[in-house]
Amino acid sequence: MNKPRYLVVDDENLLRENLALLLSSQEDCEVFQARNAYEALDILKKYPIDLALIDINMPGLSGLELLRIIRKDGYQIPVILMTGYPSLDLTVEALREGANDFLIKPFTSQQLLEIIARFKQKNKTSKSEYDDILELLKRKTQEQTLLFTISDRLIKCDSLSTLYDEIIKLQQEFIPSEEIVFYLFDQEKGVLIPTSWAGFKERPSEILIEEANPVSKSVRERLPYLIPQKDNEKATLIVPFLIRGEIFGAFVLCRQENFSREELFLANLIGERSAPLVENFILYESIVLNLHDALRALVKVLEAKDPYTKEHSERVTRYAVLLARELGLSDDEIECLRVAGHLHDIGKVGIPDAILLKPGRLTSDEFEIIKAHPLIGAEIVGHIGLLAEEAKIIKYHHERWDGKGYPTGLAGRDIPLLSRVLAVADAFDAMTSKRPYRPAMSFIDAIQEIKKGKGSQFDPEIVQIFVSIFQDLTRGEEDESRVVSSVVT
Ligand SMILES: [Fe+2]
């Protein structure tokens, strides 16, 4: 008897190769692979194919269009369509075009083999079409539930690190393992870096991509590996993690018991479903970082114009972060304060140089113009919408506890807490910096001035904490610049 000939058409290399591997591992058969509809049609012309597995979503001609051509050309071969996104409309259309069955990604090897076996015995079976459809629906429901669970859990993550941890958790829940590591690939260094893991006492080691080991090999070849348990070695499952076909990392799972092909499909599916989310987070974070860099460059230009304000924002941020830590603020609040601190005077780009760089004291009219800088700053920073919280802090950094500040005259706790923190740090640095019309005040004297502003200009609680920190830092320290540099942000 002739060997059965299968055709697998899928643009996703990993899936296509896995399928081919699975089919050829089950029986003595020939498996042809096509990356797109055109390659598939070429193969069909050359070889008598017994069954075709065709992905619906492919660039160029879709799986449905390919099916249409196959039927138009008179090929009677059974066609099983594969899709990750089934809908009733699609199912009806596919059946109308002559599809014989459906496989919803992710499918298990058992499901695939069952379908193939059914086609082989098609003429002998007594099962009615009605039973077939019922079974198909039941299977689809199970698969959809699984897909929904995975997507629902991943979509709830609000940062890259929580997403990485959730991916690991999902892998562990669906594929019980004793050890699991999610590596990210550092392309420049050629190293796989452990990013999230479970089941290890210590951080797993980094892996050089050029090394001769199964993980590196799997990543280089972009192919998953199933390594069976042997002697004292645990069974290992390695799945490369790809984003738009590019290597981004890998999952490695280990346990005593061997992994199945279904588990490999599942591990790969979790990777596939999380890839677009990981990509989105990375894009978002790089946009925010670029924005921070651009705005900070603007502040640097501003400060470079005036030697008296050189690195003012840098120092204010250091003091403010120190205060925030002492106040027990969260990491997110501190991060927000760090950004707002660096950008708090960015609104001065909107103030004419004649006023901004005036060597003497300002007239009251000139001061009125200067007073616009918190609002201008908030507008610049808040404009894109990515830094809304930071914009708010900047807007109120010149408000006073007694309500006599600017631009709005907010008082007490109505002023955002981080603006109140920034106000103390800002005043302290202004006092201890040299001005054209006065020398720099010593730290000791400036601390006294801050104390005087307790309950009038500044939040009393923040002043108290500020004084305790700075009195400790300046005690016995002759060189005040060393105090500044010891304040780490
Ligand atoms: Fe300011």
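Model, not experiment: these values are computed from the prediction.

> Please set out the packing of aromatic side chains residue by residue, giving values where relevant.
Applying the stated criterion across every chain, the model contains 14 aromatic pairs. On the numbers, 5.9 Å between centres and 40° between planes, the contact of F107 with F265 is tilted. On the criterion of sequence distance, the pair formed by F107 in the loop between β5 (101-104) and α5 (109-120) and F265 in helix α9 (residues 261-305) is long-range, its members being 158 residues apart. Each member of the pair F107 and F265 is classed as buried.

> Mind laying out unusual backbone geometry, listing which residues take part and the relevant values?
Cis geometry marks the peptide bond from Y406 to P407, where omega comes out at 10°. Checked against the element boundaries, P407 lands in the loop between α15 (388-395) and α16 (417-431). Phi is positive for R222, which is not a glycine, with a value near 55°. As for its placement among the helices and strands, R222 is situated in the loop between α8 (214-221) and β9 (225-227). A positive phi angle is found at R244, which is not glycine, with a value near 50°. Mapped onto the secondary structure, R244 falls in the loop between β10 (235-243) and β11 (246-255). Among the residues examined, R244 registers a relative accessible area of 71% and is labelled exposed.

> Hey, could you go over the sheet that holds strand β3 (residues 51-55) for me, with residue numbers and the actual values?
If you walk across this open sheet you meet the five strands as β2-β1-β3-β4-β5, and the pairing is parallel. Whereas interior strands pair on both sides, the edge strands pair on one side only; in this sheet they are β2 (30-34) and β5. Between one strand axis and the next, the sheet turns by 20° as a mean value, whatever way the strands run. One ladder, built from four bridges, connects strand β1 (residues 5-9) with β3; its direction is parallel. Along β3, the bridge assignment pairs V8 with L53.

> Run through helix α17 (residues 443-452), naming residues and quoting values.
Regarding α17, the residues found buried are F443, A446, I447 and I450. Buried residues of α17 fall within an arc of 105° about the axis and therefore sit on the same side.

> Explain the sheet that holds β11 to me, using residue names and the numbers behind them.
The strand order across the open sheet built from six strands is β8-β7-β6-β11-β10-β9, with neighbouring strands paired in antiparallel fashion. Edge strands, defined here as strands with exactly one partner in the open sheet, are β8 (207-208) and β9. The pairing of β10 with β11 spans nine bridges and is antiparallel. Its bridge partner lying in β11, F241 is registered against G249. Of the strands in this sheet, β6 (179-186), β7 (191-198) and β11 touch helix α7 (residues 160-174), which is tilted by about 140° from β6. Contacting β9, β10 and β11, α9 runs over the sheet at an angle of about 30° to β10.

The rules behind each value
Residues numbered from 1 in each chain as written. Predicted model: local features only at pLDDT ≥ 70, side-chain atom pairs only at ≥ 80, totals over all residues. Heavy atoms only, no water. Phe/Tyr/Trp six-rings, centres within 6.5 Å; stacked < 30°, edge-to-face > 60°. Helix = DSSP H or I, 4+ residues; strand = E, 2+ residues; numbered from the N terminus. Buried < 20%, exposed > 50% of the residue type's maximum accessible area, 1.4 Å probe, protein only. Pairing = 2+ DSSP bridges. Axes fitted to C-alpha atoms, helices over the stretch in contact; angles between N-to-C directions. Arc of directions from axis to C-beta. Contact = heavy atoms within 4.5 Å.

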